[in-house]
Protein chains: 2
Amino acid sequence: MKKVGVLGGGQLGRMMIQSAMNLNIQVKTLDPDPNAPCKATAHEFVVGSLNDYDTVMEFAKDIDVLTIEIENVNTDALFDLEKQGLTVYPKPDHIKMIQDKRVQKQFYIDNDIPTSPFVLIDSIDELNNHKNMLPAVMKVGKGGYDGRGVQVMKTEEDFSKGFEAPSLLEKMVDIDKEIAIIAARNENGEISTFPAVEVVYHESNLVDYLLSPATISDEVEQKAKEIATSLVTKMNFIGLLAIEFFVDKEGNVIVNEIAPRTHNSGHQTIEGNLTSQFDQHIRAILNLPLGDTSRRSASAMVNVLGEKGYTGVAKYEGLNEVLQLSGVYIHLYEKHMTKPERKMGHITIVAPTKEELFEKVDAVKKNFKVIA
Amino acid sequence: MKKVGVLGGGQLGRMMIQSAMNLNIQVKTLDPDPNAPCKATAHEFVVGSLNDYDTVMEFAKDIDVLTIEIENVNTDALFDLEKQGLTVYPKPDHIKMIQDKRVQKQFYIDNDIPTSPFVLIDSIDELNNHKNMLPAVMKVGKGGYDGRGVQVMKTEEDFSKGFEAPSLLEKMVDIDKEIAIIAARNENGEISTFPAVEVVYHESNLVDYLLSPATISDEVEQKAKEIATSLVTKMNFIGLLAIEFFVDKEGNVIVNEIAPRTHNSGHQTIEGNLTSQFDQHIRAILNLPLGDTSRRSASAMVNVLGEKGYTGVAKYEGLNEVLQLSGVYIHLYEKHMTKPERKMGHITIVAPTKEELFEKVDAVKKNFKVIA
């Protein structure tokens, strides 16, 4: 029975456990939060810093394969563990590259992966030299997460909101659609991509829901899949790579960001596709044959976020209303405390038609709330 | 967050945990085997006897609802816990009734539930008075399990193979089909039945695989569903009731046996139906709305049994071959040791057509083996 070590014990690790159980794979988890979502259901749950060299080295002593569910981890330890002969997937150099958006971006340029024009910036002062990039998005190279470290700059007035840190200034893309594709590659070099999902935004500019199939042409889907395949091939990547794309009004497909792991945009594969992203991750890192990613039906995924105005022990409103809906799957992450916008779970909807899907998405969004 | 206590920590409990996680339900498990399948993934895993009054009483001290995944438990404790106000589903009187096949059978007679003719027998000597029942099946009232305590009697010569214990002698049914239906009922009185699955036997008389939809007429399926609904209604049952039926050559549907819990005949609902039996069990015992049981596609389920001739630490042969098949789901139960015929896991196959299903069932059965 293989023992997989996972750096990070959040919801991605938790859903990985649910998958790993089916193949008798033991999951050992490291997380700094003693109440992380993996706490109760991991085979072993270790509390400790993901960024501390010694902690990561000690954690990995008795495992067969090391993987991650968050990329902000101590890569020095990963490099040393790899040197000692431990299987580490994704590979430490990929994690390190993806930790720094500036290096990531340079990789796209060097390898003919389409991406938006950018310049490297080290301080706010330098912004004045790049007025021609406006409107633009400034992103810190390292440490940004879930919207932090990202600043939209429409005019020069916005320059003052910039960061005093090594950053990117990216020309804003005239976005028609945002889509995401999850690619997998194993040691044997087998590659598989999931069908594209579409990120549907609400007026408020927050992600409203994810939709599969995406409402894009076959050519756009094909282009995105080719880029995804080219990316994992050129990187010699092993594991799961989630790729977020912008599609512009001319149908050009460009890479926005990548994550070397299971991803929020793949949650609906649990019920929506023949193989889930969590199953696929396990298969990829253990060099097992990759699964068929075909859709079983149309699906949508709604994030369950802490309601604004509530902080405290989480309560779930509308559970019964949602459980009454056919083809609707609640996934809660066992987070004790809620706060505004905290990801507390997700809900997947499957339906034979998009019309039925949209009706149920509305019903879910109207009824289900996390309060305190 | 509700805490559900489960008596029994085998594979049924293990799959219940995978479901319960999605609703933030904590599962506390009691099992006499320190290495039972629920050991690592239950929120709390307690080692102790399911038949010991004090152990069960102590186990149930800090839980919100008590349920079972095996019916051979101490019902005295369950009755006392119920008196103390704990929610116990299925109810202790139903568990007690089902523990004794003689009482079970009497219930069918008293409530107009069709079942095969039978007599009560207390010793082998009495068999001579019931030659008119031949061919027949003798079953001990209590304690029989997985084929133990059951003896087919074709002629008087077989009488000597009988049991010196309170038993049933049932007239053999001229079976055309064996089917099973899982019914659920919650406190609100809501009732739901899963579509019938067919038990397909191999020449060797061992269950070969389970098939959904069953190859029966709509009338037969309807009759079976009505009996299932009538049974849970008349029993005032709460929880999940698995009902195994015989269908005879004339299309008569009669109840063979029942189990007050999730059941081997419901495993394929995880991928084959919109709601799984494990989700439904959780919903029923917590008085949540019952889920839609409709099929998502045709499905089959093959038990993964320890290969004959092998006893020891389990090894799985053919894993890669099976993982290459689309729509095929391996579920292993984390049992360390294998022995001949031990249930080590199951494999579900979903497919758009029965032809494709049969091809994959054959491939699975040919390739996948548990050896030591």
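Here the structure is a predicted model, which means the values were calculated and not measured.

**Student:** Explain the overall build of chain A to me, please; I cannot follow it from the model alone.
**Tutor:** Broken down by element type, chain A carries 10 helices and 22 strands. Against the compact-globule benchmark of 21 Å for 372 residues, chain A has a radius of gyration of 20 Å, which places it among compact chains. Overall, chain A is about 55 × 55 × 45 Å in size when its C-alpha atoms are taken along their principal axes. Put simply, chain A has 372 residues, and 60% of those count as buried.

**Student:** Honestly, helix α3 (residues 75-83) of chain B in this entry has me stumped. Any pointers?
**Tutor:** At 3.6 residues per turn, the α-helix brings residues three or four places apart onto the same side. Residues and elements named next belong to chain B. Those residues of α3 that fall on the buried side of the exposure criterion are T75, A77, L78 and L81. Viewed end-on, α3 has its buried residues packed into an arc of 150°, placing them on one side of the element. As for α3, its buried residues are in contact with β1 (3-7), α2 (53-59), β4 (65-68), β5 (87-88) and α4 (92-99). Sitting at the head of α3, N74 places a side-chain oxygen 3.0 Å from the backbone nitrogen of D76. Just downstream of α3, G85 is the residue with a positive phi angle, here 105°.

**Student:** Explanation requested: the domain arrangement of chain A in the structure shown.
**Tutor:** You'll often see interface size given as the accessible area lost when the parts meet. In terms of domain boundaries, chain A breaks down into domain 1 (3-88), domain 2 (117-171), domain 3 (181-296) and domain 4 (298-372). A C-alpha centroid distance of 27 Å is found between domain 2 of chain A and domain 3 of chain A.

**Student:** Mind showing me how you'd approach the sheet that holds strand β7 (residues 136-140) of chain A here?
**Tutor:** Strand pairing within a sheet occurs via backbone hydrogen bonds; the two strands may be parallel or antiparallel. Residue and element names in this part refer to chain A. Reading across from one edge, β6-β9-β7-β8 is the order of the four strands in this open sheet, with antiparallel pairing throughout. Of all the strands in the sheet, just β6 (118-121) and β8 (150-153) have a single pairing partner and so form its edges. Adjacent strand axes in the sheet meet at a mean angle of 20° when their direction is disregarded. Bridging between β7 and β8 involves four bridges; their strand directions are antiparallel. From the neighbouring strand, V137 faces β8, where its bridge partner is V152.

**Student:** Would you explain the packing of helix α4 (residues 92-99) of chain A against helix α5 (residues 101-110) of chain A in this entry?
**Tutor:** Helix packing geometry: the angle between the two helix axes and the distance between the axes. Residues and elements named next belong to chain A. For the pair α4 and α5, the least separation of the axes is 5 Å and the interaxial angle reads 105°. In terms of axis orientation, α4 runs roughly perpendicular to α5. Every residue of α5 that contacts α4 at M97, I98 and Q99 is listed here: K101, V103, Q104 and F107. For the contact of α4 with α5, a count of residues per class yields four nonpolar, two polar and one charged.

Definitions and cut-offs
Residues numbered from 1 in each chain as written. Chains lettered and ligands numbered in written order. Predicted model: local features only at pLDDT ≥ 70, side-chain atom pairs only at ≥ 80, totals over all residues. Heavy atoms only, no water. Helix = DSSP H or I, 4+ residues; strand = E, 2+ residues; numbered from the N terminus. Rg over C-alpha atoms; globule rule 2.2 N^0.38 Å. Buried < 20%, exposed > 50% of the residue type's maximum accessible area, 1.4 Å probe, protein only. Arc of directions from axis to C-beta. Contact = heavy atoms within 4.5 Å. Polar contact = N/O pair within 3.5 Å; in protein donor to acceptor, adjacent residues only side chain to side chain. Domains from an automatic or database assignment. Pairing = 2+ DSSP bridges. Axes fitted to C-alpha atoms, helices over the stretch in contact; angles between N-to-C directions. Parallel < 35°, antiparallel > 145°, perpendicular 65-115°, else oblique. Nonpolar A, V, L, I, M, F, W, Y, C, P; charged D, E, K, R; others polar.

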